[in-house]
Amino acid sequence: MSYLNQNLAEFNYLKHLVLLYGDGKNPWTKERLKYYVAHLCNDGKPDDWLFDSFLFINTKSTSGRDYVADINLGKSMSGEGDFFTICSPNPANKLDWENLLDFYFGEDGALSTLDETIKELSGVITPPQSLRNVVLTLPYPHITQKEFGILNPNGKILNFSVTGQNLTQATRSRLEAEIWFVERIVDLWSKARFSNINLLGLYWIFETVYRSWEIDDHFLLKELRKHINSRGLKFVWIPFYATYNFHLLENYKDYYFDIAFLQPNFLFYKNGKCIEKAVAVAKKTGAGIELEYYMDLDEPISIKNEKHLRFRKYLNAGVTHGYMTQSACAHFQGVDSLEKMYHHPDPIEREFYEDIYLFVKGTYQAKPYPPVPSGSYFIPRKRVAISIDLGGTRLRMGVVDALGKVIHYRQESTPKTRQEIIDRIVINVKEGLRFAKAEGFKVIGIGISTGGRVDFENGVIVDSTSLLPDWKEVPIKKIIEEQINIPVFVDHDGHCAALGERSFGKGKSSSNFISIVLGTGIAGGIYVAGKLLRGTSNFTSEIGHISVDPSGPKCSCGSYGCVELFSSGSGIERWAREKVLSGVQFGNVKDLSAKAIGDAARSGETFAIDLLKSAGEKLGVAATGLVNVFNPDLIIISGSLVELPDIYFQAFEETLRRRAIRPTADKLEIVFSDFSQDAGVIGAAALVFGQIEYDGCQNNMEQPDNRGGADD
Ligand SMILES: [Zn+2]
């Protein structure tokens, strides 16, 4: 099967249907409708059409009585399980239903206003090829309504309840009222003689089909649909995501409805089901997809940011899953959201206005998700990640909160053997858990940043360098998860550092940057168009193994003269030793560590100054290649070598700026990370938060439990 295709002649070329919520007190004016009928330029002038179909929905009459019933969604709010109809204690009666007809068909009613709006815009924009579609909502016949009213002069007062009659009689009364309402619409429409709109169908406002000892909506809908079809109209439904509704969708065209859109519930409910799952059901059952925009742009910022991210996902999924151009789509936009977006001072909101327009046109292209905001809104602060940063020299552990702040920290020397490393990681994780428990934090995941090549999907250390000689073919994710029942994510240390910069650091505002970690070795991460490059096997960003001297010493990777052999912590030491062995004079030959060389350079030792300068130059040569290839606007330096004297970094930057292609180099900024030695720990935490937030189909994404305030 496929989606409910868009652009079908039988549905008058329905593509994108916008839901227009209203109430009798706030009529639709041309001024308000134009935001949905046309796309407006910055100066307010219309330059293109927008939605092709319009669904008018009122939930209450002007006297405050209900047109719509509630659904009991159960405790989960996920739309699973025992939901039943909750009819209103204040149900609309016949007068209220007539009041709704007046809202639709009155002199300045919604329909004549829409017709006029399209007519006026057709003088400015090339008229659309087909009439714009209208769908009108039928009020729900509440079973709490015992005195609906009299429909014909000889009739009696209709009773929708099972009080004083059986279920069949109650259901027939409800059906009679609905059919009367349909007939009124058909009659009023034919008299109105609109010239720019087509009455496509009628909308059933209740989001499931329910039957009990007092309600029989199955019978009601089957009969009502026959009547609607007999008038040449379609019956339209937008159920929410629930297995019960999927079962109804399977045969919906045979029994109940002509057009159905599945609402993924991704924006509002606690366990936001993945769009992907809704897409699968829609394709299986021949339904369309409903997109949900955030309801109220004046909500507290914490909710707004969460919804921004989710809405971006909705739009992007429309491209990746094809519903933007293949499926009929419904657009739930709350009340006046599009108008508010258009005028919004926040550029993020304004951008959504343009993106919705492109989406409706079918030319939107997926955009990167916004970086995790510094006050991460999916995951309140009291949730933490435990991070392990395994370097060639040091093993670090941190407990990191959702704002990227390290709230507990330990470090020790890296053990030499594989088993010792694993043992120490477990001991450190347990220490992090102890701390988190004592402080009342919830650990949502464990992130491991490690040297060596990592099979990211499976959490396996595939291979390593001489810096971690016994660190190969280690299924570290499996090993840790078996001992500690918390999800573990593992990545290359260079990737982790870049993820940390993007989420919490200097990379927040850049989509194209290179993170370089200078420690015992040299690692890095490359962001292009907002995405971390992972390559075929996640083995990207091995910046340390860019050769800067083809006839240089052999590297553990198999190549020769890799920059890591000269410019990293171990490389500076190796190079110093080589020079000393070749007879160069240096005051203290016992300690040739990068730190000692740095200290010696600060005290004016010529040998150390020259060595650091050369090491910086080699790094500059390697970085020149990267900059020329990837054209970043930012390089972020982190790692233990940030403690080295300026001479090293001056040589690096000077070489890079001199050698890189001019316009590229001119636009480039080079900065130190805010995290210095914490880059790995913060990066491993960003890995955890990122995986659980964005890819968490099965991770039951929960809403923040402190709505309205990120700082608890
Ligand atoms: Zn190498």
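Residues numbered from 1 in each chain as written. Predicted model: local features only at pLDDT ≥ 70, side-chain atom pairs only at ≥ 80, totals over all residues. Heavy atoms only, no water.

1. Describing helix H17 (residues 569-581)
Note the following rule: In this description a helix means any DSSP run of H or I spanning at least four residues, a strand means any run of E spanning at least two, and both kinds are numbered starting from the N terminus. Every helix has an expected span of 1.5 Å times one less than the residues it contains. For the exposure calls, accessible area comes from a 1.4 Å probe over protein chains only, and a residue counts as buried if that area is under 20% of its type's maximum, exposed if over 50%, partly exposed in between. Summarising the geometry, the arc corresponds to the directions from the helix axis toward the C-beta atoms. Contacts are assigned to residue pairs with any non-hydrogen atoms lying within 4.5 Å of each other.
Here H17 spans 19 Å end to end across 13 residues, near enough to the 18 Å set by a 1.5 Å rise per residue. Of all the positions in H17, only Gly569, Gly571, Ile572, Trp575, Ala576 and Val580 are classed as buried. End-on, the buried residues of H17 take up no more than an arc of 165°, which puts them together on one face. In this structure, the buried residues of H17 make contact with helix H16 (564-567), helix H18 (594-602), helix H19 (606-630) and helix H20 (646-659). Just downstream of H17, Gly583 is the residue with a positive phi angle, here 105°.

2. Notes on the pairing of strand S18 (residues 460-463)
In the case of a regular strand, side chains alternate between the two sheet surfaces. As a reminder of what qualifies: Here, strands pair whenever DSSP counts at least two bridges between them.
Taken together, the three bridges between strand S17 (residues 453-455) and S18 define a ladder with antiparallel strand orientation. Looking at S18, one finds that Asp455 is bridged to Val460. Here S17 hands over to S18 after four residues, with Gly459 in that stretch at a positive phi of 70°.

3. Quick look at the nonpolar core
Selection rule: Joining through side-chain atoms within 4.5 Å is the link that ties buried Ala, Val, Leu, Ile, Met, Phe, Trp, Tyr and Cys residues into a set, and such a set is a nonpolar core.
Counting residues in hydrophobic clusters, the biggest one holds 121 residues, and the most contacted among them are Phe51, Phe56, Leu111, Leu136, Leu138, Trp204 and Tyr323. Of all the elements, helix H4 (residues 167-192) adds the most residues to this core, at seven residues.

4. Describing the side chain of Thr137
Using the following cut-off: Pairing of N or O atoms within 3.5 Å defines a polar contact, subject to two protein rules: one partner must be a possible hydrogen donor and the other a possible acceptor, and residues neighboring in sequence count only if both atoms are side-chain atoms.
Turning to its location among the elements, Thr137 is positioned in strand S7 (residues 132-138). A polar side-chain atom of Thr137 sits 2.5 Å from the main-chain carbonyl oxygen of Phe56. Every residue in contact with Thr137, bar those within four places of it in the chain, is listed here: Leu55, Phe56, Ile57, Leu100, Tyr104, Phe181, Tyr203 and Ile205.

5. Quick word on the sheet that holds strand S19 (residues 488-492)
As a reminder, the rule being used: Each axis is a line fitted through C-alpha atoms, and for a helix only the stretch in contact is used; angles between axes span 0 to 180 degrees, taken between their N-to-C directions.
A sheet is described by the order of its strands in space; here five strands give the open sequence S15-S14-S13-S16-S19, paired in mixed fashion. Two strands in the sheet have a free side with no partner beyond their single neighbour: strand S15 (406-413) and S19. The average undirected angle you get between the axes of adjacent strands in this sheet is 15°. Both strand S13 (residues 383-390) and strand S16 (residues 442-450) contribute to a ladder of eight bridges, which runs parallel. Looking at the pairing, Arg383 lines up with Lys442 of S16. Contacts from helix H14 (residues 476-483) reach S16 and S19, with the element oriented near 155° to S19. The strands touched by helix H15 (residues 493-504) within the sheet are S16 and S19, with S19 carrying the most contacts at an inclination of about 105°.

6. Notes on the sheet that holds strand S8 (residues 197-204)
Sheet architecture is closed into a barrel: eight strands sit in the order S1-S4-S7-S8-S9-S10-S11-S12, paired in parallel fashion. Going across the sheet, the axis of each strand differs from the next one's by a mean of 30°, ignoring polarity. Helix H5 (residues 217-230) contacts S7, S8 and strand S9 (234-237) of the sheet and is inclined by roughly 135° relative to S9. Relative to the sheet, helix H8 (residues 275-285) contacts strand S10 (259-262) and strand S11 (288-292), its axis offset from that of S11 by approximately 150°.

7. What about the coordination of the zinc ion?
Rule in force here: Because no water is among the atoms considered, metal sites can look incomplete, with donors defined as N, O and S atoms within 2.8 Å of the metal, or 3.2 Å for Na, K and Ca. Geometry is assigned from donor-metal-donor angles: four donors are tetrahedral when every angle falls between 85 and 135 degrees, four are square planar and six octahedral when opposite donors sit over 155 degrees apart with all other angles between 65 and 115, and any other arrangement is irregular.
Distances from the zinc ion to its protein donors, His545 (ND1), Cys555 (SG), Cys557 (SG) and Cys562 (SG), fall within 1.9 to 2.3 Å. Coordination at the zinc ion comes from four donor atoms whose angles at the metal span 104 to 126°, giving a geometry best classed as tetrahedral. One chain supplies every donor to the zinc ion, and in sequence these donors are spaced H-x9-C-x1-C-x4-C. On the basis of relative accessible area, Cys555 is assigned to the buried category, the value being 6%. Of the residues examined, Cys562 reaches a relative accessible area of 0% and is grouped as buried.

8. Focus on H4
With 26 residues, H4 extends 37 Å between its outermost C-alpha atoms, agreeing within 8% with the 38 Å of an ideal straight helix rising 1.5 Å per residue. Residues of H4 that are buried include every one of Ala170, Thr171, Ser173, Arg174, Leu175, Ala177, Glu178, Trp180, Phe181, Val182, Ile185 and Trp189, and no others. Structurally, H4 contributes buried residues whose contacts are with helix H2 (94-105), helix H3 (110-122), S7, S8 and H5. The opening residue of H4, the one whose side-chain oxygen lies 3.1 Å from the backbone nitrogen of Thr168, is Asn166. Following H4 by one or two positions, Arg193 adopts a phi angle in the positive range, close to 50°.

9. Some details on the domain arrangement of the chain
To keep it simple, the criterion reads: Bear in mind that the domain bounds are from an automatic or database domain assignment. Here the buried area means the combined drop in accessible surface, using a 1.4 Å probe, for two parts upon being joined, counting both sides. Salt-bridge detection follows one rule: a side-chain nitrogen of Lys or Arg within 4 Å of a carboxyl oxygen of Asp or Glu. Classification convention: Asp, Glu, Lys, Arg as charged; Ala, Val, Leu, Ile, Met, Phe, Trp, Tyr, Cys, Pro as nonpolar; all other residues, Gly among them, as polar.
Domain annotation for the chain reports domain 1 (9-361), domain 2 (376-505) and domain 3 (510-673). Placing a centre on the C-alpha atoms of domain 2 and another on those of domain 3 gives a separation of 25 Å. Each partner contributes residues to the interface: domain 2 has 19 residues there, and domain 3 has 27 residues. Across the domain 2 to domain 3 interface the summed buried area is about 1800 Å²; carbon plus sulfur atoms make up 57%. Taken as a group, His495, Glu501 and Arg502 account for 32% of the area that domain 2 buries against domain 3, more than any other trio of residues on that side. Across the pair Arg534 and Asp491 runs a salt bridge, and its minimum N-O distance is 2.6 Å. Secondary structure elements with two or more residues in the side of domain 2 that touches domain 3: S17, S19 and H15. The element best represented in the side of domain 2 that touches domain 3 is H15, accounting for eight residues. A breakdown of the residues in the side of domain 2 that touches domain 3 according to their chemical character gives seven nonpolar, seven polar and five charged.

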